[in-house]
Amino acid sequence: MLKEPAIFAQLIQSYARSGKLEKGRQLHAHLVTSYGTPSTFVANHLLNMYAKCGDLAHAVALFDQMPQRNLVSWTTMITGFSQNDRFPEAIQTFSSMCAAGIRPTQFAFSSAVQASAALGWLASGRQLHCVSLKLGLDAERFVGSNLADMYSKCFCLPDACRVFKGVSEKDEVSWAAMIDGYAKNGEFDEALMAFQEMLQEETVAADQHVFCSALSACAGLKSEELGRKLHACVVKFGFAVGNVIMSNALTDMYSKAGEMESATRVMGTSYDGWNVVSCSSLIDGHVEGEEIEKAVSIFVECKRRGINPNEFTFSSIIKACAGQAALEQGMQLHAQVIKSGFIMDPFVCSTLIDMYGKCGLLSSSTESFHEIQSPTYIAWNSIISVLAQHGCGREAIVAFHRMVSGHVEPNHATFVSLLMACSHSGLVEQGLRFFDSMKETFGLDPREEHHSCVIDMLGRAGRLREVEEFISRMPAEPNAFGWCSLLGACRTHGKKELGELAAEKLMKLQPENSGTHVLLSTIYASEGQWEEVKAVRRLMRDRRMKKLPGLSWVEVEKKTHVFGAEDWSHPKKDEIYKKLEQLWIRIREEGYVPFTGAVARRVEESEKERLLRHHSERIAVAFALIGSPAGKPIIVKKNMRICVDCHKAIKLIAKVEGREIIVRDNARFHHFKGGACSCRDYW
DNA sequence: TTAGGGTTAG
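The rules we used
- Residues numbered from 1 in each chain as written.
- Chains lettered and ligands numbered in written order.
- Predicted model: local features only at pLDDT ≥ 70, side-chain atom pairs only at ≥ 80, totals over all residues.
- Heavy atoms only, no water.
- Helix = DSSP H or I, 4+ residues; strand = E, 2+ residues; numbered from the N terminus.
- Buried < 20%, exposed > 50% of the residue type's maximum accessible area, 1.4 Å probe, protein only.
- Contact = heavy atoms within 4.5 Å.
- Pairing = 2+ DSSP bridges.
- Right-handed = clockwise from strand over helix to strand, strands pointing away.
- Expected span 1.5 Å × (residues − 1).
- UniProt positions renumbered as here; feature names shortened; annotations may be inferred.
- Salt bridge = Lys/Arg side-chain N within 4 Å of Asp/Glu carboxyl O.
- Domains from an automatic or database assignment.
- Near = heavy atom within 4 Å.
- Polar contact = N/O pair within 3.5 Å; in protein donor to acceptor, adjacent residues only side chain to side chain.
- Nonpolar A, V, L, I, M, F, W, Y, C, P; charged D, E, K, R; others polar.
- Phe/Tyr/Trp six-rings, centres within 6.5 Å; stacked < 30°, edge-to-face > 60°.
- Lys NZ or Arg CZ within 6 Å of the ring centre and 35° of its normal.

Caption draft 1: Representation of the overall build of chain A in the model. Helices and strands together make up the secondary structure of chain A, namely 36 helices and 6 strands. Overall, chain A is about 110 × 55 × 50 Å in size when its C-alpha atoms are taken along their principal axes. The burial tally for chain A puts 50% of its 683 residues in the buried class. A sequence separation of at least 24 residues applies to 62% of the contacts in chain A between residues at least 6 apart.

Here's what the structure looks like:
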């Protein structure tokens, strides 16, 4: 029999604290050989030591052999499982403990609730909540804070708030969990209000965790002003130095606010500021700000410093390739993703699906989708969106039905893509049914963007009277996208008056958007109303607006080249213009008649033809024809809609050159092959 | 002898 259990217990405890597993094992063996089976008291210490050192196998073996287990034995096992990421076993052990007739205390509850939170198992979290209510432990500080955390991690914010309100003697941990809960659920204002409320509490002082959560809320709001204030507080409290997570939160906040200089500065001045999280934030900030070259240079620098990209880094940099239609680079990254094992990540997969889709390779996009064993809503949303962009409305609908029958819940984003798919493919009736089903079947309230999709859908189909009716029934006025769709439809279907109304609304919503003025002027120009065209131009001049230049990008030999209309800056300009002349002659032989109506300028016909010939998309196509090997598809990305005449011309260029040409404009894809185009309703 | 919160994504 062990004479001095307290001394051994102390020794075991010290091994547990310092992680000396081997010493602990030796002592355990010594105790067994010298004194036989350890008492419950000593065994509990051993259990704790094994759990703290991550040796769950020995903990389980010992626990199974214990002749008598008490409350602490069970609790130690639950905590051990939870802290070693073995969450289902933590929950299982909790229920075995109850079945063994032992009444759990706040310690066991905390750990079991944490396990439910980590797994996102709302049902087990709720059951634990119920049991804690019965035992009167739900308002206890640890249990209550963990329950609130669990509910917010399971996206049940109202329940989280209710539990949090009931917690007695909240401390900074409780507050941090709640602030973070608001932020993670997208309630950024609420998060910052909670933060302020906390600051007024006399008994609680903000710590680093609290500031990090507040910064994350600030990042969500993309508010530079608030962010700077918070940054000042962080400095004042002395938290700014030496904390990697804090520096990462600051970098991310500035990146999200588009303040890339500040973001870079925070990173550069912090100890250990260059790490995979801050780099990913910075890359993403540059990608969002369309500074692709900078994003790539950080990615390169990251690798040079020996920082291995993770799933976040890959997502962002692949998104950059998608934005630029840089297929070669995207494919290289795909290879790296496979090599590094991040191919299983749902976000990375979804960006790959999106990247291939945006680069025009529908087949690679669907292949990437089919490689996923059990697609999440993220992957489904991506593929539905890609199918929509490619004008494959029916396929998008099939995908949607498969998603639902596979018990994956669609969300608001799913319906945006689905409605767009219906719109682009002219499937108006089905689209309208889907719109109704949002609320009726899926309990989702249609948002502004869904209403805009319906406007677009009816407008494209020329059902403008129904559009007016639909708008009058909407809970609020359409947003800019809605009015813009209407304006576009009015141009296509020659509805001048309605177009003027849409333009007027749009100018109020987006006074800086030169596109509205341009669109309106083309409506007038197509009807030969040159006085009105002049008036719109005057308005643009008075408002000091410049027409956004139409630009086209094309990737040749792994390098992206950009062209504007009438662009004479490229070193190969002579060859390009010679090619354009040749193409002009060859497509004229194929029956091409230039549509000079697309030129909203009052100049000679020959000048109009010259202007059309030198549109940026055509220059890009000509350049790619010269510079890339025969048989390779040409992918051009354009920052606005492709013009009607270029659409006709490129269709024939694809035919005479025997090349696949894909033009991705700011609305959709045009896949030209053998004298035809994939899109079904382009003028 | 047993317990809690923090940074990056479509």
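Having seen the model, we can carry on.
Caption draft 2: The pairing of strand S4 (residues 661-664), seen in detail. Here S4 shows a buried face lined by Ile 661 and Val 663 and a second buried face lined by Ile 662 and Arg 664. Where strand S3 (residues 634-638) meets S4, 4 bridges bridge the pair, whose relative direction is parallel. Among the inter-strand pairings, Ile 634 is bridged to a residue of S4, identified as Ile 661. Remark: the S3/helix H36 (residues 644-657)/S4 crossover connection has right-handed handedness. Sheet topology places S4 next to strand S5 (residues 669-673); 4 bridges connect them, and they run antiparallel. Counterpart to Arg 664 in the pairing with S5 is Phe 669.

Caption draft 3: Summary view of helix H7 (residues 106-119). Taking 1.5 Å of rise per residue, 14 residues should cover 20 Å, and H7 covers 20 Å from first to last C-alpha, within 8% of that figure. What H7 keeps buried is the set Ala 108, Phe 109, Ser 110, Ser 111, Ala 112, Val 113, Ala 115, Ser 116 and Ala 117. For H7, the elements touching its buried residues are helix H5 (71-83), helix H6 (87-99), helix H8 (122-134) and helix H9 (141-153).

Caption draft 4: Here's a closer look at the UniProt feature "repeat: PPR" (unreviewed entry) in chain A. Following the UniProt record, the feature "repeat: PPR" (unreviewed entry) maps to residues 39-69, 70-104, 171-205, 275-309, 310-344 and 376-410 here. Annotated as 74% helix and 0% strand, the span residues 39-69 places its first and last C-alpha atoms 10 Å apart. Note that residues 310-344 is 80% helix and 0% strand, and that its end C-alpha atoms are spaced 12 Å apart.

Caption draft 5: Region of the structure containing the side chain of Asn 248. Mapped onto the fold, Asn 248 is located in helix H15 (residues 244-256). Excluding residues that lie within four positions of it along the chain, Asn 248 makes contacts with Gly 273, Asn 275, Val 277 and Ser 278.

Caption draft 6: Unusual backbone geometry, seen in detail. Within the chain, Glu 169 stands out as a residue other than glycine whose phi angle is a positive 50°. With respect to the element layout, Glu 169 can be found in the loop between helix H10 (157-166) and helix H11 (172-184). Residue Glu 169 is classed as exposed on the basis of its relative accessible area of 66%. Positive phi values are uncommon outside glycine, yet Glu 290 reaches one of about 55°. Summarising the element assignment, Glu 290 is placed in the loop between helix H17 (276-288) and helix H18 (292-304).

Caption draft 7: How the structure looks around the pattern of salt bridges. All told, the structure shown has 33 salt bridges when counted by the stated rule. Salt-bridge contacts for Arg 126 lead to Asp 159; the nearest nitrogen and oxygen are separated by 3.5 Å. Of the two residues, Arg 126 is situated in helix H8 and Asp 159 in helix H10; the sequence distance between them amounts to 33 residues. With its nearest N and O atoms 3.3 Å apart, the salt bridge here joins Glu 657 to Arg 586. Within this pair, whereas Glu 657 is found in helix H36, its partner Arg 586 is found in helix H33 (residues 573-589), the two being separated by 71 residues in sequence. Note on Glu 657: relative accessible area 22%, which makes it partly exposed.

Caption draft 8: Representation of the domain arrangement of chain A. For chain A, the assigned domains read domain 1 (1-59), domain 2 (69-162), domain 3 (474-542) and domain 4 (552-677). Taken over C-alpha atoms, the centre of domain 1 sits 79 Å from the centre of domain 3.

Caption draft 9: Geometry of the protein's contact with DNA strand B. Taken together, 53 residues lie around DNA strand B, and Gln 114, Asn 248, Lys 256, Lys 319 and Ile 378 are the ones closest in. The sugar-phosphate share of atoms of DNA strand B within 4 Å of the protein amounts to 37%. His 45 has a polar side-chain atom sitting 3.0 Å from a sugar or linking oxygen of DNA strand B. Within the contact set of DNA strand B, a base nitrogen lies 3.0 Å away from a side-chain nitrogen or oxygen of Tyr 377. Per-class residue counts for the surface near DNA strand B are 13 nonpolar, 24 polar and 16 charged.

Caption draft 10: How the structure looks around the sheet that holds strand S6 (residues 676-677). One open sheet holds the 6 strands; their spatial order is S2-S1-S3-S4-S5-S6, and the pairing between them is mixed. Two strands close off the open sheet at either side, each with one partner strand: strand S2 (559-564) and S6.

Caption draft 11: Quick look at H36. With 14 residues, H36 extends 20 Å from end C-alpha to end C-alpha; this agrees with the ideal 20 Å at 1.5 Å per step. Where H36 is concerned, the buried positions are Asp 645, Cys 646, His 647, Ala 649, Ile 650, Leu 652, Ile 653, Ala 654 and Val 656. Where the residues of H36 are buried, they touch H33, helix H34 (605-613), helix H35 (616-627), S4, S5 and S6.

Caption draft 12: Local environment of the packing of aromatic side chains. Taken as a whole and judged by the stated rule, the model has 18 aromatic pairs. A centroid spacing of 5.6 Å and a plane angle of 70° characterise the contact between Phe 195 and Phe 211, whose relative ring orientation is edge-to-face. Of this pair, Phe 195 sits in helix H12 (residues 188-200) while Phe 211 sits in helix H13 (residues 208-221), and the two are 16 residues apart along the sequence. You'll find Phe 195 and Phe 211 in the same group, each marked buried. A ring pair is formed by Phe 415 and Phe 442, whose centres lie 5.5 Å apart and whose planes are at 55°; its orientation type is tilted. With a gap of 27 residues between them, Phe 415 in helix H25 (residues 412-424) and Phe 442 in the loop between helix H26 (428-440) and helix H27 (448-460) connect regions that are remote in the sequence. Ring-pair connections join several aromatic residues into one group, and the members of that group are Phe 195, Phe 211, Phe 237 and Phe 239. Across the ring face of Phe 164, the terminal group of Lys 170 is positioned such that the distance to the ring centre comes to 5.2 Å.

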